[in-house]
Each structure stands twice: as structure tokens, then as C-alpha cells.
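Below are the chains, spelled out letter by letter.
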Amino acid sequence: MQQQETVKAVIKKKVVRLGLIQWQMRLYKDLEELMQQAEYFVDAVSAYRSDFALFPEFFNAPLMAKFNHLHEPDAIRELAKFTETIIDKLKQLSISYNINIISGSMPEVVDNKLYNVGYLCRRDGSVERYEKIHVTPDEAKVWGMQRGNKLQTFQTDAGKIGILICYDSEFPELSRLLADEGMDILFIPFLTDTQNGYSRVRLCAQARAIENECYVAISGSVGN
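Residues numbered from 1 in each chain as written. Predicted model: local features only at pLDDT ≥ 70, side-chain atom pairs only at ≥ 80, totals over all residues. Heavy atoms only, no water.

(A) Summary view of the pattern of salt bridges. For the structure on display, the rule yields 10 salt bridges. In this structure, Arg 129 and Glu 108 form a salt bridge, with 2.8 Å as the shortest nitrogen-oxygen distance. Placement of the pair is Arg 129 in strand E7 (residues 127–131) and Glu 108 in strand E5 (residues 106–110), with a sequence separation of 21 residues. Using a relative accessible area of 16% as the deciding quantity, one classes Arg 129 as buried. Here the salt bridges do not stand alone but share partners, grouping Asp 51, Arg 123 and Asp 157 into one network. (Salt bridge = Lys/Arg side-chain N within 4 Å of Asp/Glu carboxyl O. Helix = DSSP H or I, 4+ residues; strand = E, 2+ residues; numbered from the N terminus. Buried < 20%, exposed > 50% of the residue type's maximum accessible area, 1.4 Å probe, protein only.)

Okay, structure coming up:
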């Protein structure tokens, strides 16, 4: 008698809760203190049974304060040295708090080239990387940052998602490609320091939601 192949049922969540972290740009003594604050927010949103925690773009930027004596291109590369440790810690938090964490973005050096990247840390322990495609003129001119070339959707236990870092959200073709892959939610971590900058990201995010008939979530940093 031929044995029949077992087919697992796929249950798609009908209710998804998002934890969008509004991160205050303030001084942190060191990496440990910054990660304590990060865990505070992960703990808070997971207590509400959120499926995702979204950090902003360059949320670790306060750590660059200790490199103020360096030229800007050198300082951002020093900041990049924290990225691997931060991702390892976020991976641990995603498992222990049972939540999918989107790391916002951080600088990362690959083959001596500087990129603006982020990581999706799923609560099952798996990790995937995404890149900023359209770096801003200042990122390229001041820091020497390179544009990314990796664009994809990510399957999660709460639907298929896409992630665009800040300026990327202002270019409709990127979200259209993600929508063509079946994206349910688009996450946009951003960093702006003016009212018009924030408004630009928010309005573009609303446009992407209408154009692609998907949910869009944004998360940025704030100051005093």
C-alpha cells in the first residue's frame, strides 16, 4: 500500500499587531545601556502580544558620540563595528520575547565598503538581511556610503512583509516590486530631523499604501 504524503495546513493570521518604536535620540553611556533601552521597548510591545517590533533607521547613532574626535567617514565606520553585536542581541530578544524584530538600520562594512543595512530577526531564531537601495546624497557624500542592490520580500508567521529604509520609500518602483511578490505589510524605518523631513516620509508611506493596497508602518526617532 502506497503511503500518502502528509500535507500540513497553513494557518494565516487574521489579526496582526505591530509595535512601532519611537526611539529618543539621547546620549547612552555605552552599548550595554543602549541595548537595555532596546530591550525595554521589546518587552513593552511583546507584553501587548505584538507580532513585530520595528526600530528606526540608525537607532544606534548615539554611540557615535564617543568618536566625535574623528572625521565623519571614520566615525561612521567605527559605529559599524557595533552592528554584529547588536544583531546577535536582537536575535536573542526575538526568541526570548517571542516577537519578530525589525532592526531598523545600522552601518555595516562589507569588503571595505560601507552600507546602510538592517536585519529581520524572526522569533524562530532565523535572521535575514536587507539593504538601503537609494542612499541619500549626504550619506554618499559625507560618509562614503554605497547603495545596496538587494530587494526582496520576507515570509513570516504573520504574513509576507517588505522593508524599505527611509529614502527608499520615496521611490514607488521599489514597493511595486515588493507588492508583485505578494507583500502584505511594508515596514519603513526612518531617520529625519526636521518636520518637513518627517512629513515627506509619512506622506510617501501613505502613497505606497494606496498604490499597492497594503498596510504600511513607519517608525522613526525623536528628540527633545
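(B) Quick look at the nonpolar core. In terms of nonpolar packing, the biggest core is built from 36 residues, with Trp 23, Leu 34, Phe 55, Ile 86, Leu 90 and Ile 101 touching the most fellow members. Mapped by element, the contributors of at least two residues to this core are helix H1 (31–47), helix H2 (72–80), helix H3 (83–96) and strand E6 (113–121). At 7 residues, the largest contribution of residues to this core is made by H1. (Core = buried A, V, L, I, M, F, W, Y, C linked by side-chain atoms within 4.5 Å.)

(C) Seen up close, unusual backbone geometry. At Arg 49, a position not held by glycine, the phi torsion is positive, near 60°. Considering the arrangement of structural elements, one finds Arg 49 in the loop between H1 and strand E3 (52–54). Judged by its relative accessible area of 72%, Arg 49 is exposed. With a phi angle near 55°, Asp 111 is a residue other than glycine that sits in the positive phi range. With respect to the secondary-structure elements, Asp 111 resides in the loop between E5 and E6. When its relative accessible area of 72% is taken as the criterion, Asp 111 is described as exposed.

(D) Looking closely at the packing of H1 against H3. Interaxial distance between H1 and H3 falls to 11 Å at its minimum, and their mutual angle equals 30°. Looking at the two axes, H1 sits roughly parallel to H3. Every pair of crossing elements has a handedness; the one defined by H1 and H3 is right-handed. Packed against H1, whose contacting residues are Leu 31, Met 35, Glu 39 and Val 42, the element H3 presents Thr 85, Ile 86, Lys 89, Leu 90 and Leu 93 at the interface. (Axes fitted to C-alpha atoms, helices over the stretch in contact; angles between N-to-C directions. Parallel < 35°, antiparallel > 145°, perpendicular 65-115°, else oblique. Left-handed = near helix turned anticlockwise from the far one by under 90°. Contact = heavy atoms within 4.5 Å.)

(E) The packing of aromatic side chains, seen in detail. With the rule as written, the count across this model stands at 12 aromatic pairs. For the ring pair Trp 23 and Tyr 28, a centre distance of 5.7 Å and an interplane angle of 25° mean the geometry is stacked. Residue Trp 23 is classed as buried on the basis of its relative accessible area, which comes to 0%. Pairing Trp 23 with Phe 55 gives two aromatic rings, centres 6.0 Å apart and planes at 65°, and the pair type is edge-to-face. (Phe/Tyr/Trp six-rings, centres within 6.5 Å; stacked < 30°, edge-to-face > 60°.)

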